[in-house]
Structure formats: structure tokens, C-alpha cells
Amino acid sequence: MVLLTSLWRAITHTKALEESSGEMETTFFETVYRITYIAGFSNSDHGFFYKLYSNTVKLMIATFMVGEVWYMITFASSLDTVIEQLNATLIQVMALFRYKYMRMHEHVYKNLATSMQLSNLDTSTPARKALVDYWMEKSETYLKLMLGLGSLTLAVWYVFPLVDDIEYNLTVNLWLGVDWRRPSRYPIVYIIHIVAFHYTAFFIMVNDVIMQAHLIHLICQYTVLADCFENILDDCEKDFKGLSRDQLIRDSSFREVYISRLGLLVEQHKKILMHTMELRKIISPPMLGQVAASSLQICFAGYQVAMTLTVSFIKFSMSLLFLGYNLFELFVICRWCDEIKIQSENISNALYCSGWECGVATMAGVRARLMLVATRASKPIVLTAGGITELSLNSYSNLVKTSYSALTVLLGMRHE
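Residues numbered from 1 in each chain as written. Predicted model: local features only at pLDDT ≥ 70, side-chain atom pairs only at ≥ 80, totals over all residues. Heavy atoms only, no water.

**Q** So what exactly am I meant to see when it comes to the overall build of the chain here?
**A** Each helix and strand counted, the chain has 14 helices and two strands in total. For the chain, the residues scored as buried account for 52% of the 416 residues in total. Looking at the chain alone, contacts between residues at least 24 apart form 79% of all its contacts between residues at least 6 apart. Accessible area for the chain stands at about 20100 Å²; split by element, carbon and sulfur atoms hold 63% of it. Placing the 35 positive and 37 negative side-chain charges of the chain at their respective mean positions leaves the two points 4 Å apart. (Helix = DSSP H or I, 4+ residues; strand = E, 2+ residues; numbered from the N terminus. Buried < 20%, exposed > 50% of the residue type's maximum accessible area, 1.4 Å probe, protein only. Contact = heavy atoms within 4.5 Å. Areas by Shrake-Rupley, 256 points an atom, 1.4 Å probe, with all protein chains shown as cover. Lys, Arg positive; Asp, Glu negative; His and termini not counted. Charge placed at Lys NZ, Arg CZ, Asp CG, Glu CD.)

Right, dumping it as C-alpha cells:
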């Protein structure tokens, strides 16, 4: 295991880690940066050989996608074939759309990645360190789940052409421009096809892990800030041993420390809100397309699961795992967007429990700041898909129900 870890670190040594703003960014995004690097989509590495590799990967993915679309337009005739092609094409096109928006707003994502380090959130207490560790573990766990489910899906897709009843078959139908259904050509075409399909699939997964890492990073900042607000009195009392709360409130030095600490937390709250609003703005258009595409993919994948249940176990497994990845992909985004809404609102609860009733609200400027933060936090930030639908678990469940209803209609049409 140590040897594999060392090898992984050696082949994924990206400049993004050298440009990291500090420990927090490295801890939250190291795995994401390494995966992005090996997939050929790192924006921080500009060496000649890496650029050659990256451009080759992108050209291969683009050619692969064009071949799929061309086959669907030219050769797909039956409903089953069209649905099969649409399933693969939709998820790839949406990944391309989302990647385009990420590149257009690259500076925003970089600011988000460095924001926790630059905002100097106080993580000095054991409770706050535990909060950071908790969300770091969550980020790593869900990243592994996403890559694991995606890789398992790919493994079944790779095997299927070798065990089906068709003598010469590929994982995904696409137009190649040559007659490859010959014993001498098929192995070469199959290997090239698998490599292109593999990179295309990991391009999709890279988009997903980047998104979920940034969302969890924001959630962590909200939870740490809430703890800072809730324990502001305890933090300010550390240097004033032996004084009661009443004595502290009348102490000019304590009042100065408290007001300074509160002002810092208010500024941090403003920065986190600004970063969240920026993220909401740039993910709204691509997520509208993602939600629309996912509803169709869930419906089509469910159709394939139903149609292949009694036909082929491998084909059924392919369809089921593809459906599972689509459901999990959208679930992860909706869950973390929902959590951002909850944690941004939780700031007002933390302020209410901050001990303001002990007399600190009588200090000059404190009441106004507390009211300002509480008022803003009482209106939680809601991330949306195109401003039309909220990205939340409730919306996710409604989308799944709608897709299921469409599936029943599609199956009814198939049986007529």
C-alpha cells in the first residue's frame, strides 16, 4: 500500500499543490487536484509534455463524442438504440457544458479554494478542529464513493462487449469511418475505443468531484464560523482570568477585545456570503441543464433496467449501475446545496446562543452588528438551477418522482 501511495503521488505531482495557499486548501483539494491532473484537465500545469498530453486527451474525448452523436443521427433506428445512445450522450454533453462554465469562471473557483485560508477562520479550539476534520473526512468519503461507483460502472461496461452474443461489438456505439468488424482490426479498435471511453467517463467524474469539494469547503466555513459566534464570549475571556461576567462587561480592555473579535467575525461572514453568492451565480445555468438532463437520464436508464432485466445479466448490471451513478451524482450536489442553506441559516441560531443577554449588547456598535448578521442569516442562501428550481433534497425527490412517472409512460408506450 505504501508503494502504491508513493507511486500515485509521483505520477500526480501537480503544480496546483505548489500554488496552494496553505494547509486548508491542500487538505480539502489535494486529491481533487491530483485526479484532475491525471485526467488531463489541470489548469495549473503548463509544461510542454503535459500540455501535449492534455490536448491529446481533450481531442480524443471530442472525437469520441462526435462519433457517438453521428452514429445516433445516422444509424439509430429503434427506440431502444436511440435511448441507449441518448443516455451516454446526455451525460457527456452536460459534463462538457459544466466544464466550460468552470473554465470561464476559473478565478472564482480558485478564490473559493483559497477562501478558508485567507479568511483566517479561527480553528484553534478542539471543537473547531473536530469540525474541520469532520468535513474533510466527508469530502474524502464522498469523493471515494463517487469514483468507486463510477469505476464499478465502467468495469461492467468494459466487459459487456466481450461476453455478449454479438461477435464484434463495442462498449458504446459510435461511427468510426472504417470497417472494424474484422478479426485483424477489432482488437486494435476495441483497445482505442476503451481508452477514449475511459477518459470520457473520468472527465464526467472529475466535474462531479470538483463541484462537491467546493460545496463541502463552503459548508465547513459556515460551521466553523457558527461555532466562533456561539463561543465568542468564551474566546474573549481567555485573557481575563478571575473576573466575573459583570466585571468583564465593565472592563474597557475586554470591551475592546470583544468588539474587535466581533468585527472580525462579521467581516468573515460577509466574505463567506460573497463567495457563496458567486458560486450560486456561476453554477445556476449549468445546473439547470444538469437537472433537465438528469431527469431524462434517470427515466431512460430506468427504461433500460426494465428492458434488460430478463434479457442479459451483464446488460442489466450496466444499466442498473449507470442509473445508480446518475442518481448519486445529482443527490450529492443537492445534498450539499441543501446543507449550505441549513448552515448559512444556522449562523443566526449561533448568534442567539452567543451570550448577548449578559450585557455585551450595550457596548457601542455591538447591537447593530448582531442585528445585521442575524437579519442576513435569517434569510438562508438558496442555490438554484437557473433560478427555476431549488437545489435541495426535496427538489431531488420530486425530480426522481417525475422521472418515475415518465418512465411508466415510456414503458406503457413500449408495450403497446
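**Q** I'm lost on empty space enclosed by the protein in this one. Help?
**A** Over the atoms, a rolling probe the size of a water molecule traces out where space has been left empty. Overall, the coordinates contain four cavities of 30 Å³ or more when judged by the stated rule. Approximately 200 Å³ is the volume attributed to the largest cavity. Looking at the lining of the largest cavity, the elements with two or more residues in it are helix 5 (79-104), helix 7 (126-163), helix 8 (186-230) and helix 12 (313-352). No other element matches the five residues that helix 8 contributes to the lining of the largest cavity. Taken together, the residues that form the lining of the largest cavity break down as ten nonpolar, four polar and no charged. Taken as a whole, the second largest cavity spans an internal volume of roughly 60 Å³. Together, Glu84, Trp157, Gln304, Lys315, Met318, Ser319 and Phe322 line the second largest cavity. Considering every element that reaches the lining of the second largest cavity, the biggest residue donor is helix 12, with four residues. Along the lines of polarity and charge, the residues of the lining of the second largest cavity split into three nonpolar, two polar and two charged. (1 Å grid on protein atoms, 1.4 Å probe; cavity = no way out; pocket = protein on both sides within 12 Å on 5 of 7 lines; lining within 4 Å. Points joined across faces, edges and corners; volume = space filled by probe spheres on them. Nonpolar A, V, L, I, M, F, W, Y, C, P; charged D, E, K, R; others polar.)

**Q** Sorry, what's going on with helix 4 (residues 48-74) here?
**A** In an α-helix, one turn spans 3.6 residues; hence positions three or four apart end up facing the same way. With 27 residues, helix 4 ought to run about 39 Å at 1.5 Å a step, and its terminal C-alpha atoms sit 38 Å apart, in line with that. Among all positions in helix 4, only Tyr50, Ser54, Val57, Ile61, Phe64, Met65, Gly67, Glu68, Tyr71 and Met72 are buried. Its buried side turned inward, helix 4 meets helix 3 (23-38), helix 5 and helix 8. (Expected span 1.5 Å × (residues − 1).)

**Q** Can you help me understand the nonpolar core in this one?
**A** For soluble globular proteins, the rule of thumb is that nonpolar side chains tend to be buried together. Counting 118 residues, the largest nonpolar core has Phe28, Leu215, Phe229, Phe254, Tyr258, Ile283 and Leu391 as the members making the most contacts within it. Setting aside residues no more than four positions away along its own chain, phenylalanine 254 makes contact with Leu233, Cys236, Glu237, Phe240, Leu248, Ile249 and Met363. (Core = buried A, V, L, I, M, F, W, Y, C linked by side-chain atoms within 4.5 Å.)

**Q** I keep staring at the environment of glutamine 343 and nothing clicks. Help me out?
**A** On the secondary structure map, glutamine 343 appears in helix 12. With relative accessibility at 11%, the residue glutamine 343 sits in the buried group. With 38 residues separating them in the primary sequence, glutamine 343 and isoleucine 381 have C-alpha atoms 9.3 Å apart. Contact partners of glutamine 343, with chain neighbours within four places excluded, come to Ile219, Tyr222 and Thr223. At a separation of 2.8 Å, a polar atom in the side chain of glutamine 343 contacts the side chain of glutamate 339. (Polar contact = N/O pair within 3.5 Å; in protein donor to acceptor, adjacent residues only side chain to side chain.)

**Q** I'm lost on the packing of helix 4 against helix 5 in this one. Help?
**A** Each packed pair of helices is defined by two parameters, the angle between the axes and the distance between the axes. For the pair helix 4 and helix 5, interaxial distance at closest approach is 10 Å and the crossing angle is 145°. In the crossing of helix 4 with helix 5, the sense of the turn from one axis to the other is left-handed. For the pair helix 4 and helix 5, the contacting residues are Lys58, Phe64, Met65, Glu68, Val69, Tyr71 and Met72 in the first and Thr81, Val82, Gln85, Leu86, Ala88, Thr89, Gln92, Val93, Leu96, Tyr99 and Arg103 in the second. (Axes fitted to C-alpha atoms, helices over the stretch in contact; angles between N-to-C directions. Left-handed = near helix turned anticlockwise from the far one by under 90°.)

**Q** What exactly am I supposed to notice about the pattern of salt bridges here?
**A** Close approach of charged atoms allows side chains with opposite charge to pair. Throughout the structure, instances matching the rule amount to 13 salt bridges. The residue arginine 9 makes a salt bridge to glutamate 30 at a minimum N-O spacing of 2.8 Å. Here arginine 9 is found in helix 1 (residues 2-11), whereas its partner glutamate 30 is found in helix 3, with 21 residues between them in sequence. A relative accessible area of 18% means that glutamate 30 is categorised as buried. Two residues, lysine 341 and glutamate 390, come together in a salt bridge whose shortest N-O distance is 3.2 Å. On the criterion of sequence distance, the pair formed by lysine 341 in helix 12 and glutamate 390 in strand 2 (residues 389-390) is long-range, its members being 49 residues apart. A single salt-bridge network, built from bridges that share partners, covers Arg128, Asp227, Asp235, Lys238 and Arg261. (Salt bridge = Lys/Arg side-chain N within 4 Å of Asp/Glu carboxyl O.)

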